[in-house]
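Notes for the structure review
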Amino acid sequence: MSWGTELWDQYDNLSFHTQKGIDFLERYGHFIRDRCLIEMEYAGKLRRLVKNYQPKKKEEEEYQYSSCKAFKAMLCEVNDLAGQHEVIAENLQSDVIREINYLVKDIKEERKKLLQDSAKYVAMINNQVASLERSRKNYEKAFKEAERALDNFQRADADLNLSRAEVEKQRMNMAIKNQHCEESKNEYANQLQKTNELQSQHYKALMPEVFRQLQELDEKRIRNVRHFMAHSADVERNVFPIINKCLDGIINAANQVNEKQDTILVIERYKSGFEPPGDFPFDDLSRGGESTPLVLPGSGNTYVSSGVGAHRSESMTVKGTMSAGKLKKRVGLFAIFSSNKNNLSSSGDKDDYSELPPNQRRKKILLKLEEMQAKLHQEIAAKDGLMKMKGVYESNPALGDPMSTEGQLNECSQRIDKLNSDIAKYQGLLQEVECNVSPAGIRKHELTEHNGIGNGSTNNLSNHNNRLNTSVPDGRAPLGEDESLSRSASDSSVSIPAVGLNNRYSGETVSLGASRNSLANDEDPPPYYDIHDLPPLGTCTALYAFEATSEGSIPMFDGEQLLIIEQDQGDGWTRVRRQPPNVEEGFVPTSYISIHSS
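Residues numbered from 1 in each chain as written. Predicted model: local features only at pLDDT ≥ 70, side-chain atom pairs only at ≥ 80, totals over all residues. Heavy atoms only, no water.

- In the nomenclature of an unreviewed UniProt entry, the protein corresponds to Formin-binding protein 1-like from the organism Aphis gossypii.

If you want it as structure tokens, here you go:
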């Protein structure tokens, strides 16, 4: 079916129809554009929502619970969902809207050209028809004049009263009119032939070709509308896998919510470590003596009984009760004018955390020890690097002046000494807290978790502190400036007890060096452990040959199989042991080996 044969006389309707098709295509493009705006607006609102509900810095402590962690993970997934909606908008903008605009422009230009051609053809046939009509009218007029001239000649020829000259005049006029009529007739015949030929060409060749091209143009528009609709759906379908992953992430985050774990965290966070108050003693007035009125716990006062009973101090009664908050506020107010304000840390708390209940104070001290241990390892690694740099400069003075590192080494040593003394100080505070709190105040599994040992007793903590004191005489760390820090410095840092350096929530133990150090029985542990007491943690293969150049390291050849005794503590060295019978133990670079199992 072709427009050229079926709709040969519907030029105006076809022109109107093609214009409506272009209008529809533009309207569809406006729909996609508005949808892109909606997708972008939705993505922007999702991102703003996520930003508004992100935990503030003051709320970070609350986000240790599994439900809060799950909510935070869900916020990340929702933020990713917003990104996918932005991808939809961007792809629709680049792949659909832009193509629609190009197509509308091309169709408009092509339709304009075809309509101009058709208008030219219509004008041609109309002009030819007008010429035919003029020639027909001229022929009709000439024919009537010829008939009138013939009639006049016949009347003049029959009238005997007219002269011969008058009759001859009428005859000559008749001949002229007949000749003019014949010429008009021939002209009319020629115009008729031309008109018929042009009309046949117009309706059978010229206009059908224009209509055919208009038909192809309209079919192209319809075909592209179908393509754009399908592609728009594909754009959205392509992000479904990522959206499903985001939703799966939200479900996984929800599955991580553990009400029992959160309950335990609440206990660990708010537990004071005090024992509940005992029974009120009976005040026997018959014995005489002065009686002291009893005051309920929570009133902020002490209670003393003259009868058989225990004497409880204010510090052991008030803290952990309902009035503890009030007392704390008053202390914070009057402490402004006290002389102890120099003992406050940058956060406003005392350095020894003496204002906290025992259990909370113990947790704060453990966190402080973790922080200082991490800083200590960083400083040791930095000093190790400076020592290596100094050695390189000494071996090759062209690279630099060895004395240029002396100032940095001195500063690093001072920071290490300060950290070691602070660690010793907080170890003493931790021992004091452990000794002052009754066994019922701290559960056995808490001691096991924070000390990294299985018995959970405070004696192990005392052993830790004793070893720390013996290894740090006069409060000075066993890390002199002249001491080699290639790996022996790292070993000296391992001998420092790393209390609380384990992951509390995943149940992992403390670092290997700290755990093994805590199991030592003597007060002065040797620089290296007994190789028979350290079971291998796995195996490794040497990727490159290594020559031992520092104390505590051992050489190895390419492809040698070794046993891992101690994993890399963050300084780039791993402790290994050779296979029997040649049992030798030392440190090798971690980047030189490939670990097979752990």
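Here the narrative resumes, following the displayed structure.
1. Quick notes on the overall build of the protein
- Along the backbone of the protein there are 14 helices and five strands.
- Of all 598 residues assigned to the protein, the portion counted as buried reaches 36%.
- Within the protein, counting contacts between residues at least 6 apart in sequence, those at least 24 apart form 70% of the total.
- With the model as given, the accessible surface of the protein reaches about 35,700 Å², and the carbon-plus-sulfur share is 53%. (Helix = DSSP H or I, 4+ residues; strand = E, 2+ residues; numbered from the N terminus. Buried < 20%, exposed > 50% of the residue type's maximum accessible area, 1.4 Å probe, protein only. Contact = heavy atoms within 4.5 Å. Areas by Shrake-Rupley, 256 points an atom, 1.4 Å probe, with all protein chains shown as cover.)

2. Remarks on the pattern of salt bridges
- Considering all chains together, one arrives at 26 salt bridges under this definition.
- Linking Lys113 and Asp117 is a salt bridge whose minimum nitrogen-to-oxygen distance equals 3.6 Å. Within this pair, Lys113 and its partner Asp117 are both found in helix α3 (residues 66-158), separated by four residues, close to a single helical turn.
- Residue Lys113 is classed as partly exposed on the basis of its relative accessible area, which comes to 44%.
- Residue classification places Asp117 among the partly exposed residues on the basis of a relative accessible area of 21%.
- Of the charged contacts, one joins Glu140 and Arg136 as a salt bridge, the two residues approaching to 3.5 Å between their closest N and O atoms. A residue pair is termed a helical-turn pair when its members lie 3 or 4 positions apart in one helix, as Glu140 and Arg136 do in helix α3 at four residues.
- Relative accessible area serves as the criterion here: at 36%, Glu140 is assigned to the partly exposed category.
- What makes Arg136 partly exposed here is its relative accessible area of 31%.
- Overlapping salt bridges bring together Glu133, Arg136, Glu140 and Lys144 as one network. (Salt bridge = Lys/Arg side-chain N within 4 Å of Asp/Glu carboxyl O.)

3. Describing the sheet that holds strand β5 (residues 593-595)
- Spatial ordering of the open sheet is given by β4-β3-β2-β1-β5, a layout of five strands whose pairing is antiparallel. Taken across any chain shown, the strands that pair with only one partner, and hence form the sheet edges, are β4 (585-589) and β5. Between one strand axis and the next, the sheet turns by 45 degrees as a mean value, whatever way the strands run.
- When strand β3 (residues 573-578) meets β4, the two strands line up antiparallel, connected through five bridges. Within β4, the position partnered with Val576 by the bridge is Gly586. (Pairing = 2+ DSSP bridges. Axes fitted to C-alpha atoms, helices over the stretch in contact; angles between N-to-C directions.)

4. Observations concerning the packing of aromatic side chains
- Taken as a whole and assessed by the stated rule, the structure comprises eight aromatic pairs.
- Here the aromatic rings of Tyr139 and Tyr188 are separated by 5.9 Å at their centres, their planes lie at 0 degrees, and the arrangement is stacked. Note that Tyr139 is positioned in helix α3 and Tyr188 in helix α4 (residues 164-238), a separation of 49 residues in sequence.
- For Tyr188, a relative accessible area of 21% gives the class partly exposed.
- An angle of 75 degrees between the planes, with centres 5.6 Å apart, marks the rings of Tyr544 and Tyr592 as edge-to-face. In this pair, Tyr544 is assigned in the loop between β1 (538-542) and β2 (561-566) and Tyr592 in the loop between β4 and β5, connecting sequence segments 48 residues apart.
- For Tyr544, a relative accessible area of 48% puts it in the partly exposed group.
- Given a relative accessible area of 30%, Tyr592 falls into the partly exposed group.
- An aromatic cluster is present here, built from Tyr544, Phe546, Trp573 and Tyr592 joined pairwise through their rings. (Phe/Tyr/Trp six-rings, centres within 6.5 Å; stacked < 30°, edge-to-face > 60°.)

5. A word on α3
- Counted at 1.5 Å a residue, the expected span for α3 with its 93 residues is 138 Å, and the 134 Å between its end C-alpha atoms agrees.
- The largest bend in α3 amounts to roughly 35 degrees and is located at Gln93. (Expected span 1.5 Å × (residues − 1). Bend = angle between axes of the 7 residues up to and from the residue.)

6. Topic: the packing of α3 against α4
- With their axes 6 Å apart at the nearest point, α3 and α4 run at an angle of 165 degrees to one another. The angle between α3 and α4 places the two elements in the roughly antiparallel class. Both α3 and α4 take part in a crossing whose hand is left-handed. (Parallel < 35°, antiparallel > 145°, perpendicular 65-115°, else oblique. Left-handed = near helix turned anticlockwise from the far one by under 90°.)

7. Comments concerning the nonpolar core
- Formed by 22 residues in total, the largest nonpolar core has its most connected members in Leu25, Ile32, Leu92, Ile100 and Phe228.
- For this core, the secondary structure elements donating two or more residues are α2 (11-52), α3, α4 and α5 (240-255).
- In terms of residue count, α3 provides more of this core than any other element does, 10 residues in total.
- Among residues more than four places away in sequence, those in contact with Leu25 are Ile100, Leu103, Val104, Ile107, Arg221, Val225 and Phe228.
- Counting residues in hydrophobic clusters, the runner-up holds 16 residues, among them Tyr353, Met372, Leu419 and Leu430. (Core = buried A, V, L, I, M, F, W, Y, C linked by side-chain atoms within 4.5 Å.)

8. Concerning the confidence of the model for the protein
- Chain-level pLDDT for the protein is 75 on average; 73% of the residues reach the 70-or-more range.
- Residue range residues 295-344 is modelled with pLDDT below 50. Its contacts to residues more than four positions away, or to other chains, number 58 contacts.
- Within the model, pLDDT remains below 50 along residues 438-532, and this stretch shows 188 contacts once partners closer than five positions in the same chain are excluded. (pLDDT = per-residue confidence, 0-100.)

9. So, the pairing of β4
- Within β4, five of the five residues are buried, which leaves it mostly tucked inside the rest of the structure.
- Side chains Glu585, Phe587 and Pro589 project from β4 onto one buried face, and the interleaved Gly586 and Val588 project onto a second face that is buried too.
- Where β3 hands over to β4, the hairpin turn is made up of six residues, counted between the paired strands.

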